[in-house]
Amino acid sequence: PKISFEHPARKVMLDCFPREIGFFRNVVLTGTAGDGKTSLCIDLVRELTGQPELGNNGITTIEVATSRGPKYITLIYDVTAWRKKEKGLLRPEDVAVLAEMAASVYGQTDKVFVLAVNDGQMHELFRALPPDAGEGIRRLEKDLIGLHARGMQDHGERLRLINLSLVRSEEIMELCLAAVLEREEWKCFIEETENPLFAEGSSLRRNFMVLNTPELRSKLLMLAKIADMTGHHLPVRAVLCLLTNAILG
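A brief look at the structure comes next. (Residues numbered from 1 in each chain as written. Predicted model: local features only at pLDDT ≥ 70, side-chain atom pairs only at ≥ 80, totals over all residues. Heavy atoms only, no water.)

### Considering the overall build of the protein chain
Here is step 1 of the chain: Helix and strand counts for the protein chain come out as 11 helices and eight strands.
Here is step 2 of the chain: In terms of its C-alpha atoms, the protein chain occupies a principal-axis envelope of roughly 65 × 40 × 35 Å.
Here is step 3 of the chain: The buried share of the protein chain, taken over its 249 residues, is 43%.
Here is step 4 of the chain: Long-range contacts, defined as pairs at least 24 residues apart, comprise 66% of the intrachain contacts of the protein chain with a sequence gap of at least 6.
Here is step 5 of the chain: In the structure as shown, the protein chain presents an accessible area of about 13,200 Å², 54% of it carried by carbon and sulfur atoms.
Here is step 6 of the chain: In the protein chain, 31 side chains carry a positive charge and 34 a negative one; their mean positions are 4 Å apart. (Helix = DSSP H or I, 4+ residues; strand = E, 2+ residues; numbered from the N terminus. Buried < 20%, exposed > 50% of the residue type's maximum accessible area, 1.4 Å probe, protein only. Contact = heavy atoms within 4.5 Å. Areas by Shrake-Rupley, 256 points an atom, 1.4 Å probe, with all protein chains shown as cover. Lys, Arg positive; Asp, Glu negative; His and termini not counted. Charge placed at Lys NZ, Arg CZ, Asp CG, Glu CD.)

Set out below in structure tokens:
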């Protein structure tokens with residue numbers, strides 16, 4: 001199975017979609033590349049519908065059964081794949097999606113949206129709006145940028161901004177260490193010693209054993225803590241790359 005763990009932001013996101021109540025909230029997921037935005041969207045769809053995939057054009061709409069009847073969620077999980085420009089501006093059909101999202105945020109429609117977008121992409125997305133973009137979209141732009149700048153999460157009852165860059169790097173490092181080093185498959189170093197790759201003298205085995213020592217794990221956690229203290233966020237993807245390269249040596 002692929003490397004996975006419960007993302008620290010998972011519960012905060014799922015809390016926006018209580019099927020037993022049926023009142024859903026719009027969600028904007030921001031953060032740096034590799035923070036887990038797409039994985040959280042896949043996890044949400046699997047949790048609400050049982051579907052394992054999102055499709056391949058950057059946007060999908062799902063139907064969710066709730067105590068108040070069926071609800072519809074549109075997920076824009078890959079802005080680059082979804083967004084198309086004409087003469088540097090968003091296409092009318094893309095603007096229409098954002099207008100519908102704004103209408104939902106301000107209580108004019110029951111349909112809700114999940115927008116997963118990198119920090120820089122969020123600003124770029126709104127800069128690409130045509131001059132005649134509606135008042136609702138401009139209001140949404142102002143509220144979202146304001147939430148992000150102030151490090152806040154909720155705007156009223158209909159919008160939640162989840163900034164994955166605010167998740168502590170130390171917590172990410174701890175989760176990644178466990179997800180990589182505590183897998184059952186590493187028993188290969190005990191059960192397959194006849195394979196040169198897993199034999200006692202192999203660099204792969206030595207690197208794995210060193211990574212598993214309390215001293216080195218403590219140093220990696222300290223590295224992540226220093227990143228937090230100095231404002232250098234470590235995304236999940238970067239930590240997994242670090243650990244992979246450490247094992248391969």
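### So, the nonpolar core
Here is step 1 of the chain: Judged by nonpolar contacts, the single largest core of 27 residues is most densely connected at Val28, Leu115, Leu129, Leu140 and Leu144.
Here is step 2 of the chain: Sorting the residues of this core by element identifies helix H3 (79-82), helix H4 (92-105), strand S6 (112-116), helix H5 (119-127), helix H6 (135-150) and strand S8 (159-163) as the ones contributing at least two each.
Here is step 3 of the chain: With six residues, H4 is the largest single contributor of residues to this core.
Here is step 4 of the chain: Among all residues touching Leu129, those that are not within four sequence positions of it are Leu89, Leu90, Val95, Leu98, Ile137 and Arg138.
Here is step 5 of the chain: Membership of the second largest hydrophobic core comes to 23 residues, among which are Phe17, Ile73, Leu75 and Ala116. (Core = buried A, V, L, I, M, F, W, Y, C linked by side-chain atoms within 4.5 Å.)

### Quick word on the environment of Phe5
Here is step 1 of the chain: Position of Phe5 relative to the elements: it lies in the segment before helix H1 (10-14).
Here is step 2 of the chain: Since its relative accessible area comes to 25%, Phe5 is described here as partly exposed.
Here is step 3 of the chain: The sequence separation of Phe5 and Ile172 amounts to 167 residues, and the corresponding C-alpha distance is 9.9 Å.

### What to know about the layout of surface pockets
Here is step 1 of the chain: Space inside the largest pocket adds up to approximately 720 Å³.
Here is step 2 of the chain: Along the walls of the largest pocket sit 28 residues, with Gly36, Lys37, Thr38, Ser39 and Leu40 positioned nearest its centre.
Here is step 3 of the chain: Contributing elements (two or more residues each) for the lining of the largest pocket: helix H2 (37-49), H3 and helix H11 (236-248).
Here is step 4 of the chain: Looking at which element gives the most residues to the lining of the largest pocket, the answer is H2, with seven residues.
Here is step 5 of the chain: Class assignment for the residues of the lining of the largest pocket results in 10 nonpolar, nine polar and nine charged.
Here is step 6 of the chain: The wall of the second largest pocket is formed by 14 residues, among which Gln153, Leu161, Ile162, Asn163 and Leu166 lie closest to the centre.
Here is step 7 of the chain: Contributing elements (two or more residues each) for the lining of the second largest pocket: H6 and S8.
Here is step 8 of the chain: At three residues, the largest contribution of residues to the lining of the second largest pocket is made by S8. (1 Å grid on protein atoms, 1.4 Å probe; cavity = no way out; pocket = protein on both sides within 12 Å on 5 of 7 lines; lining within 4 Å. Points joined across faces, edges and corners; volume = space filled by probe spheres on them. Nonpolar A, V, L, I, M, F, W, Y, C, P; charged D, E, K, R; others polar.)

### Overview of the sheet that holds strand S2 (residues 59-66)
Here is step 1 of the chain: Pairing is mixed in the open sheet, where six strands are placed in the order S2-S3-S6-S1-S8-S7. Of all the strands in the sheet, the pair left with one neighbour each is S2 and strand S7 (154-155).
Here is step 2 of the chain: In the sheet, S2 pairs with strand S3 (residues 69-76) via eight bridges, with the strands oriented antiparallel. Looking at the pairing, Val64 lines up with Lys71 of S3.
Here is step 3 of the chain: Set on the sheet, H4 makes contact with strand S1 (26-30), S2, S3, S6 and S8; between it and S6 the angle comes to about 120 degrees. (Pairing = 2+ DSSP bridges. Axes fitted to C-alpha atoms, helices over the stretch in contact; angles between N-to-C directions.)

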